[in-house]
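# Structural overview for review
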Amino acid sequence: MSSEPIGREQIAAITTEILATELEISPSDIDVYDVLKGLPGADSMKLLRVVSKLERHWNAEFDDEAIFASETVDDLITLVQKYIGEEPATS
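Residues numbered from 1 in each chain as written. Predicted model: local features only at pLDDT ≥ 70, side-chain atom pairs only at ≥ 80, totals over all residues. Heavy atoms only, no water.

## Considerations on the layout of surface pockets
This is how it is decided: For cavity detection a 1 Å grid was placed over the protein atoms alone, and a set of points counts as a cavity when a 1.4 Å probe fits there but cannot get out; an open set counts as a pocket when protein lies on both sides within 12 Å along at least five of seven lines, with lining residues being those that have an atom within 4 Å of a point. Grid points are joined across faces, edges and corners, and a volume is the space filled by probe spheres set on the points. Secondary structure elements follow DSSP: runs of H or I no shorter than four residues count as helices, runs of E no shorter than two count as strands, and numbering proceeds from the N terminus. Each residue gets one label: Ala, Val, Leu, Ile, Met, Phe, Trp, Tyr, Cys and Pro are nonpolar, Asp, Glu, Lys and Arg are charged, and the others, such as Gly, are polar.
Taken as a whole, the largest pocket encloses approximately 280 Å³ of empty space. Elements with a minimum of two residues in the lining of the largest pocket: helix H2 (44–58) and helix H3 (64–69). No other element matches H2, which puts five residues into the lining of the largest pocket. Residue composition of the lining of the largest pocket, grouped by class: nine nonpolar, two polar and two charged.

Put into structure tokens, the structure is as follows:
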């Protein structure tokens, strides 16, 4: 059984789902360019819980500086992508 690389779309879907569940909003209300702290219901504690759930889901431990540098949903997706070994596409 081959191990398929995890694509950015799958990471984005899971990240969005975790965010939506924690913030009690619909995943369709979240855009990748949204500022995390600007999402409905978002506060520091909820966003830390999101990060914790992402770490558990991907069995990863993100760098604190990288977490706090993540301002948008897209930044968070890129952070996950980096830590699970999938380099973001540069082209």
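## Quick notes on a nonpolar patch on the surface
To be explicit about the condition: A patch consists of residues exposed above 30% relative accessible area that lack any salt bridge, with like charges linked at up to 9 Å and nonpolar side chains (Val, Leu, Ile, Met, Phe, Trp, Tyr) linked at up to 5 Å. Each accessible area is a Shrake-Rupley estimate made with a 1.4 Å probe; only the visible protein chains count as cover when residues are assessed. Salt bridges are identified by distance alone: a Lys or Arg side-chain nitrogen within 4 Å of an Asp or Glu carboxyl oxygen. Only protein chains enter the area calculation, which uses a 1.4 Å probe; residues under 20% of their type maximum are buried, those over 50% are exposed, and those in between are partly exposed.
Together, Met45, Leu48 and Phe68 give the surface a local cluster of nonpolar side chains, amounting to about 350 Å² of exposed area. If you trace the backbone, methionine 45 turns up in helix H2. Given the relative accessible area of 53%, methionine 45 is considered exposed.

## Structural notes on unusual backbone geometry
Located in the positive-phi region is glutamate 24, a residue other than glycine, with phi close to 55 degrees. As for its position among the elements, glutamate 24 is in the loop between helix H1 (8–23) and H2. One non-glycine residue, asparagine 59, adopts positive backbone phi at about 50 degrees. The residue asparagine 59 is located in the loop between H2 and H3 in this model.

## A word on the environment of glutamine 10
Relative to the elements of secondary structure, glutamine 10 occurs in helix H1. Spatially, the C-alpha atom of glutamine 10 lies 9.8 Å from that of isoleucine 77, the residues being 67 residues apart in sequence.

## Regarding helix H4 (residues 73–83)
What counts is decided by this rule: Note on definitions: a residue-residue contact is assigned when non-hydrogen atoms from the two residues lie within 4.5 Å.
Looking only at H4, the buried set comprises Val73, Leu76, Ile77, Leu79, Val80 and Gln81. Buried positions along H4 lie against H1, H2 and H3. In the segment just after H4, glycine 85 is the residue with positive phi, at about 95 degrees.

## Details of the packing of H1 against H4
As a reminder of what qualifies: Structural elements are reduced to axes, namely lines fitted to C-alpha atoms, with helices fitted over the stretch in contact, and the angle between N-to-C directions of any two is expressed from 0 to 180 degrees. With respect to orientation, any angle under 35 degrees is reported as roughly parallel, any angle over 145 as roughly antiparallel, any angle of 65 to 115 as roughly perpendicular, and every other angle as oblique. Left-handed describes a crossing whose near helix is turned anticlockwise from the far helix by less than a right angle; the clockwise case is right-handed.
Orientation of H1 relative to H4, taken along the N-to-C sense of each, is 120 degrees, at an axis distance of 9 Å. In terms of orientation, H1 and H4 fall into the oblique class. Handedness of the crossing formed by H1 with H4: right-handed. In contact with Arg8, Ile11, Ala12, Thr15 and Leu19 of H1, H4 contributes Val73, Asp74, Leu76, Ile77, Thr78, Val80 and Gln81. Looking at the contact of H1 with H4 residue by residue, the classes come out as seven nonpolar, three polar and two charged.

Limitation: the analysis is restricted to geometry and does not speak to function.
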